[in-house]
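So you can see what is in the structure, the chains are spelled out below.
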Amino acid sequence: MQRVRVIDSHTEGEPTRMVVAGGPDLGAGSLASRRDRFAQEFDWFRRALIDEPRGSEVAVGALEVPPVDPTSTTGVIYFNNAGYLGMCGHGTIGVVVSLAHLGRVGPGDHVIETPVGTVSATLRPDGAVSFRNVESRCSRQGVTLDVPGYGAVVGDIAWGGNWFFLTEQSPVAVVRQNIPALSTYTTAIQRALEAAGLGGSDGGRIDHIEVSGPSDSGADSRNFVRCPGGMYDRSPCGTGTSAKLAVLHARGQLAPGRRWRQESILGGVFEGSFEATSAGVLPTIVGRAYVTAEADLVLDDRDPFRNGIPA
């Protein structure tokens, strides 16, 4: 039997499962190269932790690995039911809170290495976490997409650590009771993007769809985010909020240093702001996470579903 030590948390409702012991040895090298090795040689481990019967397709996994720079706090590779993520905002907040729960970090600044760059995070005395994300940018504005069943949908393509298609068009109000309709709509957008051959400026797959609408609770907007694998983000989405800030900056609708309060479809809120760069923005996102479990997961070789139930 193999035992895997995890700390589970949720960030505004979106779960993170952080692996702190028992994960695969990915060797040395950059976080990006180790993520590739994870995918090529140990994808069974991803499925074992995230897929049923042991996991949940909603959860994001966070595999802790030694950082390249020994002065960094840790390195993290994020994964979910569909594969691997470049960066995960809610997961970063969950990782910091989990490390604090283990007594490994306290209030103050911490450095976390990810496959797409280094992120600085601050654990505040009140328990909130802010993180300064990788540079985010809007690569295309006003893209018109023909979405079967919905017609022409106009949106923007932006990078916030993952690639997003962001639109303010929606066939229904962006409210909790419309989650099924929003899931169907964003899945149709995802398929239309793939049919049109649209991707990020680096050729990367646009695998997150964000639909925004007005908030009636005092936030600047409310969003619904479809993640890779078809699940929706229970949190306001950290990389999605970063992409939104990049779009707002590109449109001239939000000034550097101004706060943007992004509400999730469930009502949780991230607060974002940014510094302008020559290529986009450096976002800072603030949110809260809570530890929900400490566990030893058991991978039994006799179990026919040891590595998860195939989708």
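Check the entry above for the structure.
One structure accompanies this document, and this report is about it. (Residues numbered from 1 in each chain as written. Predicted model: local features only at pLDDT ≥ 70, side-chain atom pairs only at ≥ 80, totals over all residues. Heavy atoms only, no water.)

Some remarks on the packing of aromatic side chains
Line of reasoning, step 1. On inspection of all chains with the given rule, the structure shows seven aromatic pairs.
Line of reasoning, step 2. Aromatic side chains Phe 38 and Tyr 84 sit 5.0 Å apart centroid to centroid with 65° between the ring planes, which places their arrangement in the edge-to-face category. Taken together, the residues Phe 38 in helix α1 (residues 31-41) and Tyr 84 in strand β5 (residues 84-85) connect sequence positions 46 residues apart.
Line of reasoning, step 3. A residue is classified by how much of its surface remains accessible, and Phe 38, at 0% relative accessible area, is buried.
Line of reasoning, step 4. Seen in terms of ring centroids, Trp 159 and Trp 163 are 5.5 Å apart; in terms of plane orientation they differ by 55°. Their pairing is tilted. (Phe/Tyr/Trp six-rings, centres within 6.5 Å; stacked < 30°, edge-to-face > 60°. Helix = DSSP H or I, 4+ residues; strand = E, 2+ residues; numbered from the N terminus. Buried < 20%, exposed > 50% of the residue type's maximum accessible area, 1.4 Å probe, protein only.)

What about the nonpolar core?
Line of reasoning, step 1. Judged by nonpolar contacts, the single largest core of 53 residues is most densely connected at Tyr 78, Val 95, Phe 165 and Ile 189.
Line of reasoning, step 2. Contact partners of Val 95, with chain neighbours within four places excluded, come to Met 18, Ala 62, Val 76, Tyr 78 and Ile 112.
Line of reasoning, step 3. Core analysis: the second largest hydrophobic core is formed by 18 residues, Val 4, Leu 26, Ala 48 and Phe 79 among them. (Core = buried A, V, L, I, M, F, W, Y, C linked by side-chain atoms within 4.5 Å. Contact = heavy atoms within 4.5 Å.)

Re the environment of Glu 210
Line of reasoning, step 1. Mapped onto the fold, Glu 210 is located in strand β12 (residues 208-213).
Line of reasoning, step 2. Sequence separation of Glu 210 and Tyr 78 is 132 residues, and the distance between their C-alpha atoms is 20 Å.
Line of reasoning, step 3. Not counting residues within four places of it along the chain, the set of residues in contact with Glu 210 comprises Phe 164, Phe 165, Leu 166, Thr 167, Asn 223, Phe 224, Val 225, Gly 240, Thr 241, Lys 244 and Gln 262.

Let's talk about the environment of Val 6
Line of reasoning, step 1. With respect to the helices and strands, the residue Val 6 is situated in strand β1 (residues 2-11).
Line of reasoning, step 2. When its relative accessible area of 0% is taken as the criterion, Val 6 is described as buried.
Line of reasoning, step 3. Residues Val 6 and Ala 246, 240 residues apart in the sequence, show an inter-C-alpha distance of 34 Å.
Line of reasoning, step 4. Setting aside chain neighbours within four positions, we find Val 6 in contact with Arg 17, Met 18, Val 19, Val 20, Leu 49, Ala 293, Glu 294, Ala 295 and Leu 297.

As for the pairing of strand β2 (residues 14-21)
Line of reasoning, step 1. Pairing geometry for β1 and β2, over seven bridges, is antiparallel. Bridged to Thr 11 within β2 is Glu 14.
Line of reasoning, step 2. What sits between β1 and β2 in their antiparallel hairpin is a turn of two residues, with Glu 12 showing a positive phi close to 50°.
Line of reasoning, step 3. By the bridge criterion, four bridges tie β2 to strand β3 (residues 60-65) in an arrangement that is parallel. (Pairing = 2+ DSSP bridges.)

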